[in-house]
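# Structural features, examined
Chain by chain, the residues run as shown.
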Number of protein chains: 2
Amino acid sequence: MILHGYFRSSAAYRTRIALNLKGVAYEQHAVDLRTGAQRSEAFLKLNPQGLVPALEVTTDSGGAVITQSTAILEWLDETHPEPPLMPTDAFGRAQVRGMIGLIASDIHPLNNLRVLTALRGTFGADQAQIDAWAGGWMVPGFQALSALTQAQGAGWLHGDAPTLADCYLIPQLYSARRFNVDLTPFPALTAIEDRALAHPAFAAAHPDRQPDAD
Amino acid sequence: MILHGYFRSSAAYRTRIALNLKGVAYEQHAVDLRTGAQRSEAFLKLNPQGLVPALEVTTDSGGAVITQSTAILEWLDETHPEPPLMPTDAFGRAQVRGMIGLIASDIHPLNNLRVLTALRGTFGADQAQIDAWAGGWMVPGFQALSALTQAQGAGWLHGDAPTLADCYLIPQLYSARRFNVDLTPFPALTAIEDRALAHPAFAAAHPDRQPDAD
């Protein structure tokens with residue numbers, strides 16, 4: 001498999017964690033979002049959306065590309081069942097997907113690079129406004145996530161082993177620190193982060209440890 | 001089942017389409033986002049995130065709530081298999097989830113009510129800027145989606161029958177019209193919309209036909 005990603009992309013970081021948790025070998029191709037490599041003709045052929053991650057895989061009918069981190073993570077869990085990263089019951093899976101949606105739709109899209117670039121360009125946002133904007137979506141999201149994990153978690157966001165939801169949490173907390181969001185009100189989440197960063201699969205996926213890190 | 005929603009919410013609209021496609025009976029409880037009903041104590045008990053939709057369901061262990069439209073739709077497809085709204089093969093499911101992620105993470109979060117309210121409040125955006133902002137994310141999203149469905153579709157976004165991805169497309173096109181986005185460059189998408197609006201399950205889910213529509 002070939003993962004087209006960028007070391008600091010939250011969605012690529014999620015994908016690396018899941019690949020590592022599954023013990024899948026993969027090659028990394030860096031797409032430098034700062035120089036616009038995602039808009040090159042070659043990359044747009046792989047992903048017409050021009051975003052990372054994109055995972056090149058082999059299917060029964062040959063080579064193919066999966067785009068969107070959630071599609072990649074669900075596919076990985078379906079095709080590489082061990083260790084399972086989703087609960088065995090439908091309601092448990094719905095709970096995990098509820099936490100995934102909270103991060104993947106209600107937090108992350110509002111603080112990713114292309115959106116912040118647009119805020120700077122369209123509304124002249126300065127760095128303090130950017131930090132306040134990003135944090136303004138993270139804080140209520142983390143509050144809700146804390147309530148959900150209090151009901152569902154036992155060491156990880158849901159239950160006592162990592163699930164796909166944890167693959168989303170850890171990159172979002174990394175991003176929160178970059179925007180100077182105070183995480184002290186969220187001890188349940190940072191306890192999971194401590195556990196994750198001590199876990200080899202999560203540790204090896206950290207942005208600082210990627211070949212394209214600067 | 002009880003669906004807590006709001007007639008104009010894109011995520012609630014998705015959920016109504018899927019419930020109708022599955023032929024599931026449900027009761028609707030309206031949460032008026034304009035008056036802040038989603039922040040009431042009673043609603044926050046159901047969904048600590050204070051967003052619609054939230055679906056009250058009955059599980060083996062009693063009553064429970066599922067939040068986030070993607071979690072609800074995947075749960076519905078798992079627990080009510082007929083008619084199937086996902087392909088039978090893992091790669092096909094990954095393709096459908098790729099289109100879902102494109103809409104649910106890269107388009108819709110940037111034009112929903114709370115984000116546009118924040119743009120008005122923080123950056124003083126006027127209606128022309130709001131329309132340009134919303135359209136600025138929809139147009140490249142619809143371009144990529146058109147390329148994906150050209151490769152995958154046969155009457156619907158993926159294949160020749162509705163999938164979960166179509167439950168996302170139709171509300172997003174409804175939203176595009178509200179922001180005066182020109183859809184003439186996307187004939188593949190509007191052809192699917194025509195087909196959907198003639199389908200009883202999609203038609204009955206339209207915002208104008210909900211009890212709380214004004």
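Residues numbered from 1 in each chain as written. Chains lettered and ligands numbered in written order. Predicted model: local features only at pLDDT ≥ 70, side-chain atom pairs only at ≥ 80, totals over all residues. Heavy atoms only, no water.

Per an unreviewed UniProt entry, the recorded name for chain A is Maleylacetoacetate isomerase, and the organism is Brevundimonas staleyi. Quoted verbatim from the Sequence similarities (unreviewed entry) field of the UniProt record, the comment on chain A reads "Belongs to the GST superfamily. Zeta family." (UniProt positions renumbered as here; feature names shortened; annotations may be inferred.)

As a further point, take the pattern of salt bridges. Residues and elements named next belong to chain A. As enumerated under the stated definition, the model contains 18 salt bridges over all chains in all. Between Asp 32 and Arg 34 there is a salt bridge whose closest N-O contact spans 3.2 Å. A relative accessible area of 26% means that Asp 32 is categorised as partly exposed. The partly exposed category is assigned to Arg 34, whose relative accessible area is 45%. Of the charged contacts, one joins Asp 214 and Arg 34 as a salt bridge, the two residues approaching to 2.4 Å between their closest N and O atoms. On the criterion of sequence distance, the pair formed by Asp 214 in the segment after helix 9 (200-204) and Arg 34 in the loop between strand 2 (27-30) and helix 2 (41-46) is long-range, its members being 180 residues apart. By sharing partners, the salt bridges in this structure join Arg 8, Asp 32, Arg 34 and Asp 214 into a single network. (Salt bridge = Lys/Arg side-chain N within 4 Å of Asp/Glu carboxyl O. Buried < 20%, exposed > 50% of the residue type's maximum accessible area, 1.4 Å probe, protein only. Helix = DSSP H or I, 4+ residues; strand = E, 2+ residues; numbered from the N terminus.)

At the interface, 40 residues of chain B touch 40 residues of chain A. Summed over both sides, the interface between chain B and chain A buries roughly 3600 Å², with carbon and sulfur atoms accounting for 69% of that surface. Interface area lost by chain B to chain A is led by Phe 91, Arg 97 and Phe 123 of chain B, which between them contribute 17%. At the boundary of chain B with chain A, the tally comes to 12 residue pairs in polar contact (both at pLDDT 80 or more). Elements with a minimum of two residues in the side of chain B that touches chain A: strand 4 (62-67), helix 3 (69-79), helix 4 (90-106), helix 5 (113-123) and helix 6 (127-152) of chain B. The residue inventory of the side of chain B that touches chain A, partitioned by class, reads 24 nonpolar, 10 polar and six charged. (Contact = heavy atoms within 4.5 Å. Buried area = accessible area lost by both parts, 1.4 Å probe. Polar contact = N/O pair within 3.5 Å; in protein donor to acceptor, adjacent residues only side chain to side chain. Nonpolar A, V, L, I, M, F, W, Y, C, P; charged D, E, K, R; others polar.)

This paragraph deals with the pairing of strand 4 of chain B. The pairing of strand 3 (residues 54-59) of chain B with strand 4 of chain B spans six bridges and is classified as antiparallel. Each residue of the ladder has a partner; that of Leu 55 of chain B, found in strand 4 of chain B, is Ile 66 of chain B. (Pairing = 2+ DSSP bridges.)

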